[in-house]
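Descriptive structure summary
Okay, here's what each chain looks like letter by letter:
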Amino acid sequence: RRFGTWRRKGIPHPRPLPLFGNCIDAVLLRTSFYEALDKIYRQFPGQPYIGFYGGSSPMLLVCGSEAVKDITVKDFHVFTDHKLSPDSRYDTLFSKFLFCLLGDQWKSIRARQTPAFSSGRLKAMFPTVKATADRLCEVIDKRLDKDGAVGINGLCSRYGIDVIAAVAFGIEARALDSDEPPPFMKAVSAAFRFGPLEALITLALLFSSPVYHVLRAPIIKEWRAVVLRGLLREATELREREPPRKDVFDTLLSLKKDGVPQVVFEAQVMSMQVAGSETSSTAVLAILWELALNQDCQDRLREELREAVAKQGAVTYELLHDAEYLDMVFKEAVRLWPVMPWLDRVASEDYVLPGTNAVIEKGTVIIIPIFSFHRDPERFDDPDTFKPERWAPENVAKIDKMSYLPFGNGPRACIGFRFANMSVKSAVASVVLKYRIGMAEGTPKSHAELELSPLSFIISPHKELPLRFERL
Ligand code: HEM
């Protein structure tokens, strides 16, 4: 009866298999969920809505531009929440992350965190970010092998961790400085690089509440929470004795002063750390790799940065903000590598899909397949090729805004977008000004050669990615 849902509503859908629906490869952990979604998406080109079954649950891919706008903006009051919000009995801390908070509680906590990313605050945080970017260059220098190559995946991760820890966690994590990952890094990094159990729990959370409640296990393991809590207690005590620094941690501390429960405060700090580090570091990694593959883009970027530095005297907040080609490179890299390859929302009431007579029931899970949009030749010419020029001012009007969603959309879009922009560009500018980046032995030459884990819900290579750095 459930497998008849989309037929009865007149929504196109692929034929489901008993038990697995349309996601057998994802449920058997043979492909990642975004690849399973992409397979469905490609079967129904140009459709605004595509039905599918996650296990036996009817779920909806929303693909039309108007439809995406309706769900994420116009009818946001119906689709405020993510389905990926775990039960607080099994996931004490993760359930309170900003990403997972529901309804009015999300609204109130989000509103209080938003000022942390104002222009004034970003400028105040810039010197810390810049110093960490310079440190990344020093560490690259120190670790180059005899052929001038180094694995850049781990270094980018360490950069992401250090930068967010400094501004949002209130500590110097010094991940870049240590050979062995310090406990803080172990607790934070790979929080979303899942093993088989975490991957299954996450799918169960999306597809089937009964299976989720049978598994009764946390997505973010308790030992991580214990390590982070201890450090956070020390960081809080230290900061309370210091004058304000106008960083993200200061804003989060004000939540505590306003009487927000301790566990909610702790979850917000950890949520910034987890959501901010792996995502930004993957973007840095993507850009450095694309620049190694595309030397002409690298030359043009370096020329732009050198000219700007000659005028301004140094890499400044304003320089990064105004550098046009740097922005084009950033946009193109997160198009090809949308770290979060899909968005989810859940209907809080029955809802008529605009432009149809179909009603989706309260509780229906909506998925917006960002990765598929970004790689669709109907939306982007030559979509698998790195072409920053598509973002040039004279070309950008051709791109449909709802086809490009690396940071999500609407009131629930990424809160750290402006910070990510600054910290990713800062790292890239420091490296490009100091080194010519090239291919090394073992550097993947195409996306197909990157080994991405089928278990992971984010797009991030889990193996080392060697690049060659020639000092300029
Ligand atoms: C390149 C880097 C980044 C990418 C691609 C990225 C992407 C995203 C996406 C796609 C979402 C979901 C949006 C939606 O549902 O519409 C999100 C949410 C979020 N991001 Fe980011 N992000 C990045 C960096 C950061 C940074 C640096 C921070 C913090 C400093 C951060 C904090 C968050 C938080 C807390 C949420 C949950 C927001 C909410 O539910 O209200 N992100 N991010």
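Cut-offs and rules
Residues numbered from 1 in each chain as written. Predicted model: local features only at pLDDT ≥ 70, side-chain atom pairs only at ≥ 80, totals over all residues. UniProt positions renumbered as here; feature names shortened; annotations may be inferred. Helix = DSSP H or I, 4+ residues; strand = E, 2+ residues; numbered from the N terminus. Rg over C-alpha atoms; globule rule 2.2 N^0.38 Å. Buried ≥ 20, exposed ≤ 12 C-beta atoms within 10 Å, placed from the backbone. Near = placed C-beta within 6 Å. Nonpolar A, V, L, I, M, F, W, Y, C, P; charged D, E, K, R; others polar. Contact = placed C-beta atoms within 7 Å. Expected span 1.5 Å × (residues − 1). Pairing = 2+ DSSP bridges. Axes fitted to C-alpha atoms, helices over the stretch in contact; angles between N-to-C directions. pLDDT = per-residue confidence, 0-100. Core = buried A, V, L, I, M, F, W, Y, C linked by C-beta atoms within 7 Å. Parallel < 35°, antiparallel > 145°, perpendicular 65-115°, else oblique.

Here is the UniProt Function (unreviewed entry) comment for the protein, exactly as written: "May be involved in the metabolism of insect hormones and in the breakdown of synthetic insecticides." Its UniProt record gives the protein the following Cofactor (unreviewed entry) comment, quoted word for word: "heme".

Concerning the overall build of the protein
Regarding its fold elements, the protein presents 18 helices and 9 strands. For 472 residues, the compact-globule formula gives about 23 Å, and the C-alpha radius of gyration of the protein, at 22 Å, lands near that figure. Principal-axis analysis of the C-alpha atoms gives the protein an extent of 65 × 50 × 40 Å. By residue count, 45% of the 472 residues in the protein fall in the buried class.

Examining the site of the ligand
Close to the ligand lie 28 residues, the nearest being G276, T279, G408, C414 and G416. Looking at the shell around the ligand, its residues break down into 19 nonpolar, 7 polar and 2 charged.

Quick word on the UniProt feature "binding site: heme" (unreviewed entry) in the protein
Mapped onto this structure's residue numbering, the UniProt feature "binding site: heme" (unreviewed entry) falls at C414. Tracing the chain through its elements places C414 in the loop between α17 (370-374) and α18 (417-434). Sequence-distant contacts of C414, defined by excluding residues within four places in its chain, comprise F407 and G408.

With respect to the environment of V352
Note that V352 resides in strand β5 (residues 351-352). Along the chain, V352 and D296 lie 56 residues apart, while their C-alpha atoms are 49 Å from each other.

Looking at helix α16 (residues 324-336)
End to end, α16 covers 19 Å across 13 residues, agreeing with the expected 18 Å (1.5 Å per residue, within 8%). Residues L326, M328, V329, F330, E332, A333, V334, R335 and L336 constitute the buried set of α16. Residues of α16 that are buried sit in contact with α13 (262-293), α14 (295-312), α15 (317-322), α17 and α18.

Considering the sheet that holds strand β9 (residues 466-471)
In space, the 3 strands of this open sheet follow the order β3-β9-β8, with antiparallel pairing throughout. Two strands bound the open sheet, and with one partner strand each, they are β3 (149-151) and β8 (435-439). Ignoring which end each strand starts from, the neighbouring axes of this sheet average 40° apart. Pairing analysis gives 5 bridges linking β8 to β9, with the strands arranged antiparallel. Directly across from G438, in β9, lies its bridge partner R468. The sheet strands contacting helix α7 (residues 152-169) are β3 and β9, and the helix crosses β3 at an angle near 60°.

Here we look at the confidence of the model for the protein
In low-pLDDT segments, the atomic positions of the prediction should not be examined closely. For the protein, the average pLDDT comes to 93, and 99% of its residues sit at 70 or higher. Listed scores for the predicted complex are pTM 0.95 and ipTM 0.99.

A look at α13
Here α13 contains 32 residues, and its C-alpha end-to-end distance of 47 Å stays within 8% of the 46 Å for a straight helix at 1.5 Å per residue. For α13, the buried fraction is high: 27 of the 32 residues fall into the buried class.

Side note on the sheet that holds strand β7 (residues 365-368)
Here 4 strands make up an open sheet; going across it, the order is β1-β2-β7-β4 and the pairing mixed. Both edges of this open sheet fall to β1 (49-54) and β4 (343-346), since each of them pairs with a single strand only. Averaged over neighbouring strand pairs, the angle between their axes works out to 30° when direction is ignored.

Some details on the nonpolar core
Among the nonpolar cores identified, the biggest contains 141 residues, and L61, V62, V284, I287, L288 and V428 are the most heavily contacted of them. The dominant element in this core, judged by the number of residues it contributes, is α13, at 16 residues. Those residues in contact with L288 that lie beyond four places of it in its chain are I152, V428, V431, I437 and L467.

Structural notes on the environment of F76
Tracing the backbone through its elements, the reader meets F76 in the loop between α4 (65-74) and α5 (103-113). For F76, a count of 15 C-beta atoms within 10 Å gives the class partly exposed. In this structure the C-alpha to C-alpha distance between F76 and P58, which are 18 residues apart in sequence, comes to 21 Å. Once you skip the residues sitting within four places of it in the chain, F76 turns out to touch G410 and P411.

Topic: the packing of α13 against α16
With their axes 9 Å apart at the nearest point, α13 and α16 run at an angle of 105° to one another. Classified by the interaxial angle, the pair formed by α13 and α16 is roughly perpendicular. Contacts from A283, A286, I287 and E290 in α13 reach V329, F330, A333, V334 and L336 in α16. For the contact of α13 with α16, the class distribution of residues is 8 nonpolar, no polar and 1 charged.

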